[in-house]
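Spelled out from the first residue to the last, the chains are:
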Amino acid sequence: MPNDNIDRAVKKGTGGGETANFDDLTYEIYGPSGVALLVEVSTDNRNRTASEIRSIVTKAGGSIATAGSVSRLFHRHGQIIIPREAAGEDQLMEVALEAGAEDFKAEPEGYEILTSPAKFEAVHKQIEAKGIKPAAAEVTELPAITVPLPDPQSQAAVIKLIDALEDHERRQRSLFQRRVPR
């Protein structure tokens, strides 16, 4: 191996020399049983990452979708998750709706507050100002509709694909939705 390659690798590993340029990419995927997935990655090598993602998806019985075919099934929203023990339902609903939240859902494990991306920060700050600590708060893509998977085999195949994608070293976030059959 030439000394130049060794020197370049050492400089890159220690943070000196050339800096890597990272690109943020979103892959639109149809997984097993028609599950729609959006996978966001950050990579310094588009070709290598595309090959790796395609390999993972193909092995799991899925396919890379054309641009726009999966992203149209998701809508951008602010999402705030509050554990049940953090606040009372009536108090939290009042604070969230007064701050500009679009929707409030009470679930057995906690509360979900949805906002427009523009009002997310205002709603989030108002909730924290009342001393309520969210378990999670982010602006994300949420599915427009969801449909349960019909059988345990389909569920296992989808979980296997999601786990493989989440284990990918360049993945930032995975979003998924079950496509409604025609």
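Use the structure listed above.
Residues numbered from 1 in each chain as written. Predicted model: local features only at pLDDT ≥ 70, side-chain atom pairs only at ≥ 80, totals over all residues. Heavy atoms only, no water.

**Student:** Help me get a handle on the sheet that holds strand 4 (residues 74-83), residues and values and all.
**Tutor:** The four strands lie next to each other as 5-6-4-7, forming an open sheet whose pairing is antiparallel. If you trace the sheet from one side to the other, it starts and ends with strand 5 (103-107) and strand 7 (136-143), each paired once. Neighbouring strand axes in the sheet, compared pairwise and without regard to direction, differ in orientation by 30 degrees on average. Together, strand 4, strand 5 and strand 6 (110-115) form the strand contacts of helix 3 (residues 89-99), whose direction differs from that of strand 5 by roughly 160 degrees. Along the sheet, helix 4 (residues 120-129) contacts strand 4, strand 6 and strand 7; its crossing angle with strand 4, the most-contacted strand, is approximately 5 degrees. (Pairing = 2+ DSSP bridges. Helix = DSSP H or I, 4+ residues; strand = E, 2+ residues; numbered from the N terminus. Axes fitted to C-alpha atoms, helices over the stretch in contact; angles between N-to-C directions. Contact = heavy atoms within 4.5 Å.)

**Student:** I'd like a rundown of the nonpolar core, residues and numbers included.
**Tutor:** If you look at the biggest cluster of nonpolar residues, it comprises 17 residues, and the most contacted ones within it are Tyr27, Ile29, Ile53, Leu161 and Leu165. Residue assignment for this core shows that the elements contributing at least two residues are strand 1 (23-30), strand 2 (35-43), helix 2 (46-59) and helix 5 (152-167). Residue contacts for Tyr27: discarding those within four places in its chain leaves Leu37, Leu38, Val39, Val41, Arg46, Thr49, Ala50 and Ile53. If you look at the next biggest cluster of nonpolar residues, it comprises 14 residues, including Ala96, Ala101, Ile113 and Phe120. (Core = buried A, V, L, I, M, F, W, Y, C linked by side-chain atoms within 4.5 Å. Buried < 20%, exposed > 50% of the residue type's maximum accessible area, 1.4 Å probe, protein only.)

**Student:** Provide a residue-level description of a nonpolar patch on the surface, including the pertinent values.
**Tutor:** Residues Met1, Ile6 and Val10 make up a contiguous nonpolar surface patch of about 340 Å² in total accessible area. Along the chain, Ile6 turns up in helix 1 (residues 3-14). (Patch = residues over 30% accessible without salt bridge, like charges linked within 9 Å, V, L, I, M, F, W, Y side chains within 5 Å. Areas by Shrake-Rupley, 256 points an atom, 1.4 Å probe, with all protein chains shown as cover. Salt bridge = Lys/Arg side-chain N within 4 Å of Asp/Glu carboxyl O.)

**Student:** If you had to explain the packing of helix 2 against helix 5 to someone new, which residues and values would you point to?
**Tutor:** At a minimum axis distance of 9 Å, the contact between helix 2 and helix 5 shows a crossing angle of 160 degrees. As far as their axial angle goes, helix 5 and helix 2 are roughly antiparallel. As for how helix 2 packs across helix 5, the hand of that crossing is right-handed. Taken together, the residues of helix 5 that come into contact with helix 2 (itself represented by Ile53, Ile56 and Val57) are Leu161, Ala164 and Leu165. For the contact of helix 2 with helix 5, the class distribution of residues is six nonpolar, no polar and no charged. (Parallel < 35°, antiparallel > 145°, perpendicular 65-115°, else oblique. Left-handed = near helix turned anticlockwise from the far one by under 90°. Nonpolar A, V, L, I, M, F, W, Y, C, P; charged D, E, K, R; others polar.)

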